[in-house]
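This is what each chain is made of:
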Amino acid sequence: MTKAAELAKMGEVLTNSKVSGRRNLVLNGSMQVAQRGTSATVATYGTVDRFTFPFDGSNSITQSQGTLSSSDSPYADGLRKYARNTNTNTSSGTGTYAGIKTIIESQDMAQSGWEYTSTSSNVTIQFWARSSISGTYYMNLRSDDTTSKNFTIPVALTADTWKKITATVIGNSGLVFNNDNGAGLQIIMWMHLGTNYTTSGHTTNAWQTNSGSDQAPDYSIDWRNTSGATFDLTGIQLEVGSQATPFEHRSFGEELLLCQRYFYAPVNGTAQAFGMGTYYASNLITMVLDFPTTMRAAPSVTAANGTNYFVAYTNGQGDAFNTWDNVQRGCPNYIALDVTGDGASGTAGDGCALATNSSAAYIFCNAEL
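Residues numbered from 1 in each chain as written. Predicted model: local features only at pLDDT ≥ 70, side-chain atom pairs only at ≥ 80, totals over all residues. Heavy atoms only, no water.

Caption draft 1: Quick look at the overall build of the protein. Secondary structure assignment for the protein yields three helices and 21 strands. Seen along its three principal axes, the alpha-carbon backbone of the protein occupies a region of about 75 × 65 × 45 Å. Across the 369 residues that make up the protein, the buried fraction comes to 49%. Carbon and sulfur atoms make up 48% of the accessible area of the protein, which amounts to about 15,200 Å² in all. Mean positive and mean negative side-chain charge positions of the protein (21 and 28 charges, respectively) differ by 7 Å. (Helix = DSSP H or I, 4+ residues; strand = E, 2+ residues; numbered from the N terminus. Buried < 20%, exposed > 50% of the residue type's maximum accessible area, 1.4 Å probe, protein only. Areas by Shrake-Rupley, 256 points an atom, 1.4 Å probe, with all protein chains shown as cover. Lys, Arg positive; Asp, Glu negative; His and termini not counted. Charge placed at Lys NZ, Arg CZ, Asp CG, Glu CD.)

Caption draft 2: Here's a closer look at the pattern of salt bridges. On inspection of all chains with the given rule, the structure shows 13 salt bridges. Of the charged contacts in the structure, one is a salt bridge between Arg224 and Asp56, with a shortest N-O distance of 2.9 Å. Of this pair, Arg224 sits in the loop between β10 (207–209) and β11 (230–240) while Asp56 sits in the loop between β1 (39–40) and β2 (61–67), and the two are 168 residues apart along the sequence. In this structure Arg224 comes out as buried when scored by relative accessible area, which is 0%. (Salt bridge = Lys/Arg side-chain N within 4 Å of Asp/Glu carboxyl O.)

Caption draft 3: Examining the environment of Ala265 more closely. Checked against the element boundaries, Ala265 lands in strand β12 (residues 263–268). Taking C-alpha positions, Ala265 is 11 Å from Asp49, a pair spaced 216 residues apart along the chain.

Caption draft 4: Region of the structure containing the sheet that holds strand β5 (residues 122–131). If you trace the six strands from one edge of the open sheet to the other, you get β1-β2-β3-β11-β5-β8, paired in antiparallel fashion. The outermost strands of the open sheet, each flanked by one partner alone, are β1 and β8 (163–170). Here seven bridges tie β2 to strand β3 (residues 81–87), and the two strands are oriented antiparallel to one another. Within β3, the residue paired with Thr62 across the bridge is Thr86. (Pairing = 2+ DSSP bridges.)

Caption draft 5: Summary view of the packing of aromatic side chains. Considering all chains together, one arrives at 17 aromatic pairs under this definition. Judged by centre distance (6.0 Å) and plane angle (65°), the rings of Trp114 and Tyr116 are edge-to-face. We note that Trp114, like Tyr116, is buried. Following the ring pairs from residue to residue traces out a cluster consisting of Tyr137, Tyr138, Tyr219 and Phe231. Its end group placed over the ring of Tyr82, Arg130 keeps NZ or CZ at 5.6 Å from the ring centre. (Phe/Tyr/Trp six-rings, centres within 6.5 Å; stacked < 30°, edge-to-face > 60°. Lys NZ or Arg CZ within 6 Å of the ring centre and 35° of its normal.)

Caption draft 6: Inspection of the sheet that holds strand β16 (residues 310–314) at higher detail. Spatially, the seven strands line up as an open sheet ordered β17-β16-β20-β13-β14-β19-β18, and their pairing is antiparallel. Each edge of the open sheet carries a strand with a single partner, namely β17 (317–321) and β18 (326–328). Pairs of neighbouring strands in the sheet enclose a mean axial angle of 30°, with direction left out of account. In this structure, β16 lies alongside β17, joined through five bridges in antiparallel fashion. Its bridge partner being in β17, Tyr313 is matched across the sheet by Gly318. (Axes fitted to C-alpha atoms, helices over the stretch in contact; angles between N-to-C directions.)

Here it is in structure tokens:
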């Protein structure tokens, strides 16, 4: 092998070593997992996992998961889905706002390898964005532990055109990330912020003490007061170092499992069998529902309630009931569900197969930040 070939090979090894291993601290940055559904009108979690869509609430906004086509620029990066915010009504005033937000656990930031209190240590964020309205938008990186800090990144867009944004974020002596499962770093892409939350002299690309009235510079565009305005986001990656490496693609199965630490939907919108239960008494069915992964914390559990939404099959018969009426012994690994009466009728000790009896039935386990 020639010296030139040896040097080229060495460069290839070094380059590959820089981009090897788990790099992206953002979960579901490809927007491919949407356990709850593909469209919703809530400000909280409703579609794309790990992302909320906060807005001021005076008028509705629709959040959705979209599919990229081969003509969309992010498609060439291997991305196939995006999150969309659609302003379905107008809303004006100093208190208006709209955004797309995700939260990284504090322990994930603490153990990331970023020397976040040093100005010589960096993280790099990259993402694809598109808006129906030209102008400069702003993204916030906001720490949550001790004294909250805020870092603002300008995002200049041309209408209806995808643009890849990359920014390097330096450390700061005031940053704190506790080694726990609480909220550590919020990443918020703001479509709009009213003047209650902005100042004309706001400093961008620098950490400052977080202030609710000073989140970003004043917005010169009025996305929130434009009916039908859209904003799309995909390919979000936050990684340690000053180099933006190619987007880290994880398989759908791996990304789904990572998302299920925060939200698990064993039943959602389809008629399906989902577990085995036992008649603890003649009118009492109980079942243990194991989670596919340890959740962040013991989840809150909600279940659909409608006529004969669920059914228990035993001894050649099906006993329909409306909903689960009790959750016991909830923990990060499993929950126990009970239903008393409400159609349950069997023999104590008998097993039963549990299924949904309606496409509107669901069971949601929520341990989101």
